[in-house]
Amino acid sequence: MRSTISFFLSIMITLYLLSGCGSSSSVETNPIVSSPSATTSTPSPETGNGGSFESAAVIVAALGTGINMGNTLDAPDEGEWALAAEEYYFDAYQDAGFGHVRIPITWDTHVTTQAPYSIDAEWFDRVEQIIDWALERDIYVMVNAHHESWLKNNFNSQKEARFKAIWEQVSMRFQNKSPKLLFEILNEPNGMSLADVDNLNLEILAIIRANNPQRTVIYSGNGFTPAEVMKQANIPDDSYLIANFHSYDPWQFAGQCNRRWGSSQDIQALENIYEDVNNWSQNNNIPVIVNEFGAALYDFTQPQNACNEEDRLAYIKQHVQLQQEHGIPGAVWCDGGSFQIYDRASNTFSNALSSLIF
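If you're wondering where the values come from, they're calculated on a predicted model, not measured in any experiment. (Residues numbered from 1 in each chain as written. Predicted model: local features only at pLDDT ≥ 70, side-chain atom pairs only at ≥ 80, totals over all residues. Heavy atoms only, no water.)

## Some details on the packing of aromatic side chains
Here the structure, examined in full by the defined rule, presents 16 aromatic pairs. With centroids separated by 5.7 Å and ring planes inclined at 85°, the aromatic side chains of Tyr-248 and Trp-251 adopt a geometry described as edge-to-face. A residue is classified by how much of its surface remains accessible, and Tyr-248, at 13% relative accessible area, is buried. One aromatic cluster is present, built from ring pairs that chain together Tyr-88, Tyr-89, Phe-90, Tyr-93, Phe-98, Trp-133, Tyr-342 and Phe-349. Its guanidinium or amino end placed over the ring of Trp-150, Arg-162 lies 4.5 Å from that ring's centre, counting from NZ or CZ. (Phe/Tyr/Trp six-rings, centres within 6.5 Å; stacked < 30°, edge-to-face > 60°. Buried < 20%, exposed > 50% of the residue type's maximum accessible area, 1.4 Å probe, protein only. Lys NZ or Arg CZ within 6 Å of the ring centre and 35° of its normal.)

Structure follows, in structure tokens:
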């Protein structure tokens with residue numbers, strides 16, 4: 001009884017504190033939309049394997065700068081796009097000072113195409129092994145549904161049923177993991193309408209909440225999830241939720257490497273993104289992260305186009321400074337290729353590390 005009372009008191013206190021974050025004038029707010037079961041499920045115990053479940057705001061404050069382990073489990077097969085994951089990567093991440101690791105996962109080729117849409121057992125074991133490598137080191141870790149072009153292109157109810165089945169299995173399998181395991185619903189839903197993404201966010205959140213009532217969940221808008229789209233998306237009615245956007249702005253520099261970066265106008269444009277997101281976050285009482293940012297070494301579609309290294313390091317550092325200033329932690333994109341920060345073969349970091357951890 002005492003634990004139940006404490007749980008509800010903590011929720012009331014958290015809501016009261018968060019309600020003070022908003023501005024009293026010219027506020028930009030989004031509609032709050034109830035998930036079918038997210039607000040009615042029975043609360044889980046206040047502790048899980050590895051610690052207590054905290055509010056999303058507390059977790060965001062603790063994340064620090066993160067790194068993506070890209071081109072690994074999000075490839076059609078692990079090892080196809082980059083070296084396969086090894087346990088020592090997580091020692092390197094931790095020793096370097098990264099506070100969280102995002103593990104992009106593409107489930108498509110590891111799930112049957114007919115109901116009940118079962119996830120391959122060997123693959124599931126491998127995913128869990130890698131998650132555990134992070135959790136054993138007390139590192140926050142995010143897992144998601146990443147490329148999933150089968151779902152995003154010509155989205156329909158049959159594809160949605162398969163996607164729901166994936167999340168049913170994932171949320172069930174990992175329900176007893178440390179609260180430092182975070183779920184991200186869907187990466188960059190390019191090709192889907194915002195209305196479809198808003199609805200899918202609610203449906204998947206309800207599935208997750210059936211087994212993970214207090215686990216932190218990350219959602220986004222549609223497209224390539226820039227900040228403006230995040231602000232347009234409906235905010236699900238949930239106490240353990242983080243909004244997310246990606247920033248490679250301007251792409252002509254950060255992705256295509258066909259211009260320089262660093263003018264006063266460039267810096268101001270980036271500052272405007274973070275200041276605008278921070279205002280939106282406070283007005284809507286929801287914490288925000290940017291779980292992809294960075295600048296390429298070269299354009300992988302046109303490798304002759306290389307980004308100026310001085311500009312690149314300044315750009316990455318500017319992102320991190322703004323993230324720290326506004327309390328919006330980010331995870332740099334590192335993929336073992338054109339966006340490489342950590343060299344897996346040599347177990348070393350590039351010069352960009354000093355622009356990320358300081």
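## Observations regarding the confidence of the model for the protein chain
For the protein chain, per-residue confidence averages 90 on the pLDDT scale, and residues scoring 70 or more make up 86% of the total. Ignoring residues within four places in sequence, the model shows residues 1–27, a span with pLDDT below 50, making 19 contacts including any to other chains. Low pLDDT, under 50, characterises residues 37–46; the stretch is placed with 21 contacts to residues that sit more than four places away or in other chains. (pLDDT = per-residue confidence, 0-100. Contact = heavy atoms within 4.5 Å.)

## A closer look at unusual backbone geometry
Following Ala-115, the chain continues to Pro-116 via a peptide bond in cis, the omega torsion being 10°. Note that Pro-116 resides in the loop between β5 (100–103) and α4 (121–135). Asp-249 connects to Pro-250 through a cis peptide bond whose omega is -5°. Tracing the sequence through the fold places Pro-250 in the loop between β10 (241–247) and α9 (251–254). Of note, the phi angle at Tyr-117 is positive, near 55°, even though the residue is not glycine. Within the element layout of this structure, Tyr-117 appears in the loop between β5 and α4. (Helix = DSSP H or I, 4+ residues; strand = E, 2+ residues; numbered from the N terminus.)

## Overview of the sheet that holds β5
Read around the barrel, eight strands follow the order β4-β5-β6-β7-β8-β10-β11-β14 and close on themselves; strand pairing throughout is parallel. Taken pair by pair, the neighbouring strands of this sheet meet at an average axis angle of 30°, ignoring direction. Two strands pair when backbone bridges link them, and strand β4 (residues 66–68) and β5 are joined in this way by three bridges, in the parallel orientation. Residue Asn-68 lies in a different strand from β5, and its bridge partner there is Arg-102. Across the sheet, helix α11 (residues 309–326) is in contact with β10, β11 (288–293) and β14 (330–332); its angle to β11 comes to roughly 170°. (Pairing = 2+ DSSP bridges. Axes fitted to C-alpha atoms, helices over the stretch in contact; angles between N-to-C directions.)

## Section: the packing of α4 against helix α6 (residues 157–173)
With their axes 12 Å apart at the nearest point, α4 and α6 run at an angle of 50° to one another. In this view, α4 runs oblique relative to α6, as classed from their interaxial angle. In the crossing of α4 with α6, the sense of the turn from one axis to the other is right-handed. Taking contact as the criterion, the partners of Phe-124, Asp-125 and Glu-128 in α4 are, on α6, Gln-169, Val-170 and Arg-173. Of the residues contributing to the contact of α4 with α6, the split by class is two nonpolar, one polar and three charged. (Parallel < 35°, antiparallel > 145°, perpendicular 65-115°, else oblique. Left-handed = near helix turned anticlockwise from the far one by under 90°. Nonpolar A, V, L, I, M, F, W, Y, C, P; charged D, E, K, R; others polar.)

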